[in-house]
Amino acid sequence: EVQLVESGGGSVQAGGSLRLACVVSQYHRDDFCMGWFRQAPGQEREGVARIWTGGTANYTADSVKGRFTTALDHAKKTLYLQMTSLKPEDTAMYYCAAHAYCHGRPPLARDFDYWGQGTQVIVSS
């Protein structure tokens, strides 16, 4: 069964940095779509970033452009979310997701069928 495991969350001061990691296992495809989502209490789950592991269809939300970047270790099926200049509004549970293919638009939660358990990010001012 496909499994995704996130790590790297924690509590930081505003302006700090974190690097999240998502490791995918048992997904026997050479390439697939991966996304990072975040959800704050009472809010919808929003797409933060998305990649096609084959190198196309990359996406980063406007709210995090210039601060968050993705980095893929293709061989290890690990996707990193490198977060810098963190703001209190970045506080959320961050989830990693995967699907066989990416859609040609910004990612929606319903696009993805495999999800990790989430890792918490708290940014204090």
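These numbers were taken from a predicted model, which means no experiment stands behind them.

Run through the sheet that holds strand S1 (residues 3-7), naming residues and quoting values.
Spatial ordering of the open sheet is given by S1-S3-S8-S7, a layout of 4 strands whose pairing is antiparallel. On the outer flanks of this sheet lie S1 and strand S7 (68-73), each paired with one strand and no other. Ignoring strand direction, the axes of neighbouring strands in this sheet form an average angle of 15 degrees. Pairing geometry for S7 and strand S8 (residues 78-83), over 6 bridges, is antiparallel. The residue bridging Leu-72 from the neighbouring strand is Leu-79, located in S8.

Quick one: what's the story with the packing of aromatic side chains, residue by residue and with numbers?
Using the criterion set out here, one finds 6 aromatic pairs in the structure. Plain terms: the ring middles of Tyr-95 and Trp-115 are 6.5 Å apart, the flat faces sit at 80 degrees to each other, and that makes the pair edge-to-face. With Tyr-95 in strand S9 (residues 92-99) and Trp-115 in strand S10 (residues 114-115), the pair connects residues that are 20 residues apart, well separated along the chain. Assessed through its relative accessible area of 15%, Tyr-95 is described here as buried. On the basis of relative accessible area, Trp-115 is assigned to the partly exposed category, the value being 26%. Taking NZ or CZ as reference, Arg-19 lies 4.5 Å from the ring centre of Tyr-80, over its face. Cation over ring: Arg-45 sits above Tyr-95, and NZ or CZ is 3.8 Å from the ring centre.

I'd like a description of the pattern of salt bridges, backed by residues and values.
Side-chain pairing between opposite charges can occur once the charged atoms of the two side chains come close. Counting across every chain of the model gives 5 salt bridges. When the shortest N-O distance is used, the salt bridge between Asp-62 and Lys-65 registers 3.3 Å.

Break down the state of the cysteines for me, with residues and values.
Taken as a whole and judged by the stated rule, the model has 2 disulfides. A sulfur-sulfur separation of 2.0 Å characterises the disulfide bridge that pairs Cys-22 with Cys-96. Looking down the S-S bond of the Cys-22 and Cys-96 bridge, the torsion is -80 degrees, so its handedness is left-handed. Here Cys-22, found in strand S3 (residues 18-25), pairs with Cys-96, found in strand S9; they are 74 residues apart in sequence, far enough to count as distant. Side by side, Cys-22 and Cys-96 carry an identical accessibility label, which is buried. In this model, Cys-33 is linked to Cys-102 through a disulfide, with the two sulfur atoms separated by 2.0 Å. Residues Cys-33 and Cys-102 are joined through a disulfide that is right-handed, its torsion about the S-S bond being 100 degrees. In this pair, Cys-33 sits in strand S4 (residues 33-39) while Cys-102 sits in the loop between S9 and S10, placing the two residues 69 residues apart along the sequence. By relative accessible area, which is 1% here, Cys-33 ends up buried.

About the cut-offs
- Residues numbered from 1 in each chain as written.
- Predicted model: local features only at pLDDT ≥ 70, side-chain atom pairs only at ≥ 80, totals over all residues.
- Heavy atoms only, no water.
- Pairing = 2+ DSSP bridges.
- Helix = DSSP H or I, 4+ residues; strand = E, 2+ residues; numbered from the N terminus.
- Axes fitted to C-alpha atoms, helices over the stretch in contact; angles between N-to-C directions.
- Phe/Tyr/Trp six-rings, centres within 6.5 Å; stacked < 30°, edge-to-face > 60°.
- Buried < 20%, exposed > 50% of the residue type's maximum accessible area, 1.4 Å probe, protein only.
- Lys NZ or Arg CZ within 6 Å of the ring centre and 35° of its normal.
- Salt bridge = Lys/Arg side-chain N within 4 Å of Asp/Glu carboxyl O.
- Disulfide = S-S within 2.5 Å.

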